[in-house]
Amino acid sequence: MNLTLKIWRQKNNKEKGKMVTYKVQDISDDMSFLEMMDVLNEELLKKGEEPVAFDHDCREGICGMCSMYINGHPHGPERTTTCQLHMRSFKDGDTITIEPWRAKGFPVVKDLVVDRSAFDRIIQAGGFVSVNTGVSVDANEIPIAKDVASEAMDAATCIGCGACVAACKNASAMLFVSAKISHLGLLPQGKTEKNRRVQRMIAQMDAEEFGACTNTGACAAECPKSISLVNIARMNREYFAAKVASEA
Amino acid sequence: MKLNAKSPEGVLAEKWDKHKFNIKLVNPANKRKYDIIVVGTGLAGASAAASLAELGYNVKSFCFQDSPRRAHSIAAQGGINAAKNYQNDGDSVFRLFYDTIKGGDYRSREANVYRLSQVSVNIIDQCVAQGVPFAREYGGLLDNRSFGGAQVSRTFYAKGQTGQQLLLGAYQALSRQVANGKVKLYPRTEMLELVIKEGKARGIVVRNLITGEIESHSAHAVLLCSGGYGNVFYLSTNAMGSNATASWRAHRKGAFFANPCFTQIHPTCIPVSGSYQSKLTLMSESLRNDGRVWVPKKIEDAEAIRQGKKTPEDIKEEERDYYLERRYPSFGNLVPRDVASRNAKYVCDEGRGVGKTGLAVYLDFRDAILREGRKVVESQLIEYNGSVKEYEKAKGKPYDELIYVEGKKIIEAKYGNLFDMYQRITDDNPYETPMMIYPAVHYTMGGLWVDYNLMTSVEGLYALGEANFSDHGANRLGASALMQGLADGYFVIPYTIGDYLAKIGHADKLDTADEAFKEAETEVKARIEKLLAIKGEKSVDDFHRELGKIMWEYCGMSRNAEGLKYAKGKIQELRKEFWSNVKVTGENDELNQTLEKALRVADFMELGELMIDDALDREESCGGHFREEFQTEEGEALRNDEDYAYVSAWAYKGENQPHELHKEQLTFENVKLTQRSYK
Amino acid sequence: MNWVVKTLTSTLGRKLIMALTGAFLSLFLVVHLIGNLQLLKDDGGMAFNIYADFMGHNPLIQTVSILNFTFIILHIITSVILTRLNNKARPVSYAYDGKSSAWSSRNMGILGTVILIFLVVHLSNFWGKSKLTTFEAGSYVPYVTYGEATMQNLYDVVAISFQEWWLVALYVVSMIGLAFHLSHGFISMFQTLGLNHSKYNFVIKIVGYEFAILVPAMFAAIPVFMFLNLQGGLLYLFAGIGVLALVVGAMVSNGHKQQLAV
Ligand SMILES: Cc1cc2nc3c(=O)[nH]c(=O)nc-3n(C[C@H](O)[C@H](O)[C@H](O)COP(=O)(O)OP(=O)(O)OC[C@H]3O[C@@H](n4cnc5c(N)ncnc54)[C@H](O)[C@@H]3O)c2cc1C
Ligand code: HEM
Ligand code: FES
């Protein structure tokens, strides 16, 4: 199939960007979206133009590196990651608009590449269990109900891609933050420091200038890993309880 | 130079404890005076960086991704082994040790492997304490599965995302130390050179991938946890960015490269669909527990399928060749990875491959669905007093359909996410038509040579995880790479590094203004300028694809002297062409992904050549290394313990100079060397 | 008390203010509605006038009413702060925005503004008239005597106002706005407060949509009935509302089932 691509080009963080139109020919249905971008980039390169910069690594939908906003949706029309999107989701003659994630907390680095280190800083604020290597007890000493473990697992599935922020009209990071808070808060190992965790992570989230959640649900609807809104409710609960009950 | 593996003397089971007691310790108050560089944030790197920081060392942690959490370890699906014996099925540290040594076809070091099995137990404890949500049973205790043909259930898993969960655990531990100020993170930063002075590793030179700045970092010790080099083959299951540059640069500076030709080809990957293919996707090995592998018996049938004239359903039962079950009646579809892969290649070479390209075999779940469905339906039938009619009436569906529906449910519960992934990629529904699979490069057992302390042949330079060669011999068993990465990082290096640091003292560190750093920086800059100046015709990917083709064809699933020699010449030509005709656009002082790739591919080409040298040298077949000249009458690998029970450790001798081979003789005191047989 | 300020100025704290004030306002709506429905009694306005007089002079009600005003202002101020914050969180907007959420949830500010405009008109029309004048100073509002008690005849003011078609239209439009505001707001409030549980979500959803539609519908019915001179039509109203409740209930549970099926 032949396609028209409208792609955001921006040299770096300082210069202004703009949408640029390209054409690609003979795209196969079986190609992944990123392979289609590879084809474009090879063509650009051979013409002596600069290829479009975009983030990607595993191309298996698990590392969370790929991050394109395609035709108005993070990761495009299917509920998956950009790297797992295939060209059979499009048809001959389509125009595809490709933009970077847009959020104050995710400044554009170049073209479609954004800086998501804010997420790392949020985890550093408290997204962990404070145990040192080697001090642990036998793994089976703490039984954990199967359903609790699997609920924690569901929250832990988050790949940190930032699609939730990209989808939210307020560029809010609450789905991401709440997924980590839920994962650790549900497990006995993580419960001990849950008050501290939720307060510190939310303070960091605010410091990174992500928006506030309006409960539109766009994040969960677009999340490639189906992280649920229930996590946000749990986070709110933990936060209010922590604020009222804790010393700090 | 005589290689000293530093394996402790004494009884196998006591070696590690004794060694821990005998090595030097760094005084707790002095630890903060030492700086350590850790390149890589995968399981090995993140666990090492976190543990060392917890001890009090100052750690600088580097990765080329935008966040440490995205290291390639994240992609591991299946699970992690540990000799916990929670299932009471006779597992033990010794059994895990034995399986790993045997699985590696007796080309790994006993002491290392035993230690790996010992600490495997602590890894699970550690990960659970961190909040890794492993699968559980209803009683709340940890669940296990058997994996990769193991005779015991010792694999711990978190859905199909074990690597992700383990890595997030390590990443969180790392993040905690960042918050504590003990670790400084350098994401989107690529190591391009190792700095050595007076025979000791002193630091590294890196490129900031966003600004292009070339920077130096100095430390008392450098840990390379930079992963494997499977991407030499262009197409592999590795992440796109996985590369060998850190290891290769260290190798050029004096670190020996061990067993480079030992690569693992995984039998169950989604086949290549076209020339645009950028990477291959692994389908978990667990699928072989239920799927049956086959191709048509007749070449004509295979041809008809390739041309789209026939479908797999058109091939009658007696016209199908379940070749693994036929050749290996006792292990059947569960033969080890290398055997399954090689056999897939054979049948495709015979012209019986399927799919558009003819490079695919079927992995069929029809029988599993029917088998499981029958079980369910028969148990339900009892409620209707065995009357099929009443049962059909109550369920509103014919009996055969009910079997299928119920069976599908069971298979879906087991492999649902894998089937979905398969369907997303191929647009085929594996519940209705057999999956197609083909082997693909997956893991590299070879890597930087290290001693028992994980130190390379350069003092103060360590290698951990897939980047070293130590524990898997010629073939790695499923679920043991995650184990090794975490063992190295959490439980080995924190002890062994102290020995070296205490010996050199904290004053023994170089300033980045030292000429050794300046020289290395100049070297790196010159390399980059050279690449940018070529302005040739071919893209980096063109070269990488060609390299991959050569390697896959001649140094892949099976190898022979003639092909290897031919390939060596081809790579040398390709390398020459690369340095005169590659096209790298843009500048250095910006995010330049083409330049990043060019630097990596340049190193892959040199490494590819060394892999071929190694494959040529090893005149035997073992594990992932199959030399066609050395096989049994039945076409199985023929090992030669007499002459080749050694680790090949190659030393770099200069640009375009032949490498020098050093041999570390392997001795086996605790296991008897046997021929692997899966008949 | 520093922690209180800190909590309430965090994004989540601000959301908490929105939810709590929203909850209070929703409760107020119910009370207000019950009173207003007296307008439809066919008693020449007596019940309504007595109710209005009580509400206007009871000290407890007076306090609550001050709270009510405070909360509405707090709700508005916080919503402005939040909206500005949220706009700042995305300085460059998308060229192509696919929108994967309900319209009302994305336009709470606009819907709120509709309500605000309505409130200004509404208050200056009735509350202003009744409060800003006194008997002695000469009033816009006529007086009426029931037995011993003399009071403002607010009923007359209302009845006369609702002969203007444009005012009735304004009320209806505003109530539609309120309905949309609540159709997101009511359920959202539970989520903000952390009350989300797969077992009970259906209940929240049903109650939420019923509330969001029925309450504004009844509010809107009052001017419409009065315009059409259908006083005494309470019975019809309740019948109509009952049917509406069933329709809404059926639609919500149908939607819920489909969602579960996905
Ligand atoms: C698809 C797949 C499935 C797998 N499943 C399993 C499984 O089920 N069980 C199992 O045991 N094993 C499995 N493996 C193998 C296992 O995942 C890997 O061997 C292991 O994770 C390697 O970990 P590592 O820490 O050594 O390296 P990696 O995780 O590869 O990390 C490498 C790190 O080094 C950094 N790096 C590399 N080069 C540089 C440089 N020049 N400068 C700066 N940073 C650099 C990278 O940024 C990254 O952080 C699987 C592998 C694949 C590909
Ligand atoms: C009777 C009047 C009103 C009622 C009953 C009401 C009710 C509610 C409720 C229940 C919420 C949900 C809170 C949450 O998400 O937790 C809400 C949100 C909101 N309201 Fe109101 N409201 C009223 C008037 C107004 C007015 C006058 C404005 C503004 C001009 C307004 C603006 C908003 C906004 C912007 C939100 C969304 C805030 C967010 O989620 O970030 N509301 N309202
Ligand atoms: S590239 Fe890893 S998730 Fe898409």
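It should be noted that the structure appears before, not after, this text.
Please read all numbers here as calculations on a predicted model, not as lab measurements.

A.B. asks: Even after reading the chapter, I still don't get the site of ligand 1, so can you show me in this structure?
C.D. replies: The full set close to ligand 1 counts 39 residues, and Gln65, Ser73, Gly78, Met191 and Glu466 of chain B are the nearest of them. Of the chains in the model, those with residues near ligand 1 are chains A and B. The contact in question runs from an oxygen atom of ligand 1 to an N or O atom on the side chain of glutamine 65 of chain B, over 2.4 Å. Between ligand 1 and glutamate 466 of chain B, the relevant distance is 2.6 Å, taken from an oxygen atom to a side-chain nitrogen or oxygen of the residue. In the complex, the protein chains occlude 98% of the 1000 Å² of accessible area that ligand 1 would expose alone. Looking at the shell around ligand 1, the elements with two or more residues in it are α2 (43-55), β6 (189-197), β15 (435-444) and α13 (481-504) of chain B. It is β6 of chain B that provides the largest number of residues to the shell around ligand 1, a total of 3 residues.

A.B. asks: Which parts of the structure should I look at to understand the environment of serine 226 of chain A?
C.D. replies: Residue and element names in this part refer to chain A. The residue serine 226 is located in the loop between α8 (218-222) and α9 (230-245) in this model. Of the residues examined, serine 226 reaches a relative accessible area of 45% and is grouped as partly exposed. Sequence separation between serine 226 and glutamate 238 is 12 residues; the distance between their C-alpha atoms is 22 Å.

A.B. asks: Quick question: what am I supposed to make of the pattern of salt bridges here?
C.D. replies: Side chains carrying opposite charge are able to pair once their charged atoms draw close together. One pass over the full model with this rule turns up 81 salt bridges over all chains. For lysine 356 of chain B, the salt bridge goes to aspartate 30 of chain A, with nearest N and O atoms at 3.5 Å. Of the two residues, lysine 356 of chain B sits in the loop between α9 (337-349) and β14 (361-364) while aspartate 30 of chain A sits in the loop between β2 (18-24) and α1 (33-46), which places them in two different chains. On the basis of relative accessibility, which here comes to 69%, the residue lysine 356 of chain B falls in the exposed class. Residue class for aspartate 30 of chain A comes out partly exposed when judged on its relative accessible area of 22%. A salt bridge links lysine 414 of chain B to aspartate 290 of chain B, with the nearest nitrogen and oxygen atoms 3.0 Å apart. Remark: aspartate 290 of chain B occurs in the loop between β11 (263-269) and β12 (292-296) and lysine 414 of chain B occurs in helix α12 (residues 399-426); sequence separation between them is 124 residues. Connected via shared salt-bridge partners are Arg252, Lys568, Arg575, Glu606, Glu609, Asp613 and Glu655 of chain B.

A.B. asks: What is the right way to look at the site of ligand 2 in this model?
C.D. replies: The local shell around ligand 2 holds 24 residues, among which Lys15, His75, His181, Ser188 and Thr192 of chain C are the closest. Those residues lying near ligand 2 are distributed over chains A and C. Within the side chain of lysine 15 of chain C, a nitrogen or oxygen atom sits 2.6 Å from an oxygen atom of ligand 2. Here an oxygen atom of ligand 2 sits 2.5 Å away from a polar atom, N or O, in the side chain of serine 188 of chain C. Counting only elements with at least two residues in the shell around ligand 2, the list comes to α2 (11-36), α4 (59-88), α6 (108-131) and α8 (165-192) of chain C. With 7 residues, the top contributor of residues to the shell around ligand 2 is α2 of chain C. The class makeup of the residues in the shell around ligand 2 is 10 nonpolar, 13 polar and 1 charged.

Rules used throughout
- Residues numbered from 1 in each chain as written.
- Chains lettered and ligands numbered in written order.
- Predicted model: local features only at pLDDT ≥ 70, side-chain atom pairs only at ≥ 80, totals over all residues.
- Heavy atoms only, no water.
- Near = heavy atom within 4 Å.
- Polar contact = N/O pair within 3.5 Å; in protein donor to acceptor, adjacent residues only side chain to side chain.
- Areas by Shrake-Rupley, 256 points an atom, 1.4 Å probe, with all protein chains shown as cover.
- Helix = DSSP H or I, 4+ residues; strand = E, 2+ residues; numbered from the N terminus.
- Buried < 20%, exposed > 50% of the residue type's maximum accessible area, 1.4 Å probe, protein only.
- Salt bridge = Lys/Arg side-chain N within 4 Å of Asp/Glu carboxyl O.
- Nonpolar A, V, L, I, M, F, W, Y, C, P; charged D, E, K, R; others polar.

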